[in-house]
Amino acid sequence: LALVAGAAVALAFTPALLWLTLPASAGRLAPVAALLAAATVVGARQPRARRSALALGAMVTVAFVLGAAVRGWFMPSAGSWDTEYWKGWTARMGVHGLTRVYGEPEPFDLPRLAARMRGEEPLLMIRPGITIDYPPLSMALLRLLSAFSTPAAAGLDGAEAQNVVVKTLPVLGDGAAVLFLLVAFRRRPRRALALAALYWAAPPSWLASAVLGYLDGAYVPVAAAGLFMAGRGRAGWAGALLAAAALMKVTALLALPVAATALWAARAPLRRAVAAGLAVVAAALLPFLAAGTLHLAVPQVFRIIFQKTFSGGFANPWWVAGHVVTVAGGGDWTAPVRFVRYETVGWPVSLIAPALFALATVWVLRAQRKVPGARAAALAGAAVVFAYSMLAVGVHENHPHALVLLLVASGLASRRMRVLFAGVAVSYTANMLALSGLGRFYGPRHLVLEPLATAWPALRVLPGFDVTLLLAALNAFLFVWLLRCLPEELRRAEAGPPASAHTPPVEACRARAMI
């Protein structure tokens, strides 16, 4: 394993120029090949019973090294346009402080607050087009990271340093997700390592965080831990964790009905979860209340729920319907799908979409209430997030990020779930690449990727139409498949995979040790 790790680290630090100048640079890569050859020889000479352990260890080692390398390489890049919001928020907090990020203190005025909530009065804008619409805990964490970061020590220029600061939060979230999986499946260490390595190395995790800089990776492990605690009947912890996740991004509220059902199935007191959640919310909002800016924060965050975007970027039926509306209005059906707003569509989508989402959620909760447990709660949470992604309007391509971790947290106990996870991971990654590519690149560090960034719009319509239309069909198939098999897969998730003769659970190991 040390030989494998050495080869993986050497590959991670190999400059891109060596790969671009092969075979002339083959000699410089010879030490890496020698390490891999030595590892292969040593592995082949091991007893048969140890080869599977060595293979798993090698895969886990390579996954963690390369997952860390790709994150480290992309963090200085500019990422998606959303990172400009994070930079603006961070800059404002650096000047005005955390409690004044949503605006300067002013007397409470109920009519003015109502007008802001309805959109009749403009919200605070840091610069043209940039408002502040994330909850206070995200603000606090961005402020904390910017205050304690020392990017000059890494030799980064000003722009790259800002990129690293705002991307640190979701990358730390990726690390928290790995820790969560290791703890959640600690009774089966091999499985815990495999699931953690899968999430850490899979493109959906690092593409959204280190490459594009979306903050979804920060709240998702907190929400997943809250669902696990709910499944185990830990009402106080469940309420506190889910409240913290919602204070980072409001999308975490999707987990609340699943957590309530899990607590009911575990016969845990729901009032304790509510009390703990309210305590966390009160603690987070108290500084803003004392500063006289809480009534400014509420409409800023509230208005994000009422965006007037009909199709927001995620490949779902509304995305296809928006393209149909565009083509019916004279647009080119072979062109990339355009974003469509409510006023363009004549249907009452503001009523249809919530009704469909509510029906799907009820179906999931009816299946979940019969199967108590933490892994079942994670799978039910994944199903609700998938339902939101497919049936709600205005869903952006990064909003279903929780779906990936929650599927992994279910344990992927059956072959069907592993195939479904693979389909979701491929679709989610392709969707994000089609909409955002690999972000924006500044400076010579990522010069090798500039041709790919330039060619990306052409690749999106390479088949003669927008590939996201195919992704919408794939997502619809995966969603229906998940709903159909959900009752059976909930039971399998909670039962877990059968124990292997070579990988006994921790309880068996302890029993043998006692004997």
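Coordinates for the structure precede this section.
Residues numbered from 1 in each chain as written. Predicted model: local features only at pLDDT ≥ 70, side-chain atom pairs only at ≥ 80, totals over all residues. Heavy atoms only, no water.

### Details of the packing of aromatic side chains
Per the stated rule, a full pass over the model turns up 14 aromatic pairs. When the ring of Trp-86 is compared with that of Tyr-134, the centres are 5.2 Å apart and the planes differ by 55 degrees; the resulting orientation is tilted. Residue Trp-86 is located in helix H5 (residues 82-96), and its partner Tyr-134 is located in the loop between strand E2 (130-131) and helix H7 (136-148); the two are separated by 48 residues in the primary sequence. Here Trp-86 and Tyr-134 have matching classes, each one buried. Three or more aromatic residues joined by ring pairs make a cluster, and in this case those are Tyr-85, Trp-86, Trp-89 and Tyr-134. Over the face of the ring belonging to Trp-81 we find Arg-440, whose NZ or CZ atom lies 4.1 Å from the ring centre. (Phe/Tyr/Trp six-rings, centres within 6.5 Å; stacked < 30°, edge-to-face > 60°. Helix = DSSP H or I, 4+ residues; strand = E, 2+ residues; numbered from the N terminus. Buried < 20%, exposed > 50% of the residue type's maximum accessible area, 1.4 Å probe, protein only. Lys NZ or Arg CZ within 6 Å of the ring centre and 35° of its normal.)

### Some thoughts on the side chain of Thr-361
As for its position among the elements, Thr-361 is in helix H17 (residues 349-368). The class for Thr-361 is buried, based on a relative accessible area of 10%. Here the side chain of Thr-361 touches Phe-357 through a polar contact of 2.8 Å, landing on its backbone oxygen. (Polar contact = N/O pair within 3.5 Å; in protein donor to acceptor, adjacent residues only side chain to side chain.)

### Observations concerning the pattern of salt bridges
When the charged atoms of two side chains with opposite charge come close together, those side chains can pair. Here the structure, examined in full by the defined rule, presents 13 salt bridges. When the shortest N-O distance is used, the salt bridge between Arg-492 and Glu-489 registers 3.7 Å. In this pair, Arg-492 and Glu-489 both sit in helix H22 (residues 468-495), three residues apart, roughly one turn of the helix. Overall, Glu-489 belongs to the buried group, its relative accessible area being 1%. (Salt bridge = Lys/Arg side-chain N within 4 Å of Asp/Glu carboxyl O.)

### As for empty space enclosed by the protein
In the structure shown here, the tally under the stated rule is two cavities of 30 Å³ or more. Taken as a whole, the largest cavity holds about 100 Å³ of empty space. Lining the largest cavity are 15 residues, with Ala-223, Ala-255, Val-385, Ala-402 and Leu-406 sitting closest to its centre. Counting only elements with at least two residues in the lining of the largest cavity, the list comes to helix H11 (216-231), helix H18 (374-391) and helix H19 (401-409). With five residues, H11 is the largest single contributor of residues to the lining of the largest cavity. Among the residues making up the lining of the largest cavity, the classes are represented as 13 nonpolar, two polar and no charged. Its residues assigned to classes, the lining of the second largest cavity comprises six nonpolar, two polar and no charged. (1 Å grid on protein atoms, 1.4 Å probe; cavity = no way out; pocket = protein on both sides within 12 Å on 5 of 7 lines; lining within 4 Å. Points joined across faces, edges and corners; volume = space filled by probe spheres on them. Nonpolar A, V, L, I, M, F, W, Y, C, P; charged D, E, K, R; others polar.)

### Brief notes about a positive patch on the surface
Residues Arg-366, Arg-369, Lys-370 and Arg-491 make up a contiguous surface patch of positive charge. The exposure class of Arg-366 is exposed, given its relative accessible area of 52%. (Patch = residues over 30% accessible without salt bridge, like charges linked within 9 Å, V, L, I, M, F, W, Y side chains within 5 Å. Areas by Shrake-Rupley, 256 points an atom, 1.4 Å probe, with all protein chains shown as cover. Lys, Arg positive; Asp, Glu negative; His and termini not counted. Charge placed at Lys NZ, Arg CZ, Asp CG, Glu CD.)

### Points about helix H14 (residues 270-291)
For H14, spanning 22 residues, the distance from its first C-alpha to its last is 32 Å, which sits close to the expected 32 Å at 1.5 Å a residue. The largest bend in H14 comes to about 40 degrees, at Leu-285, with the proline Pro-287 one to four residues further on. For H14, the set of buried residues is Ala-273, Ala-276, Gly-277 and Phe-288. Where H14 is buried, its residues contact H7, helix H12 (235-246), helix H13 (256-265) and helix H15 (294-302). One or two positions beyond H14, positive phi appears at Gly-292, with a value near 80 degrees. (Expected span 1.5 Å × (residues − 1). Bend = angle between axes of the 7 residues up to and from the residue. Contact = heavy atoms within 4.5 Å.)

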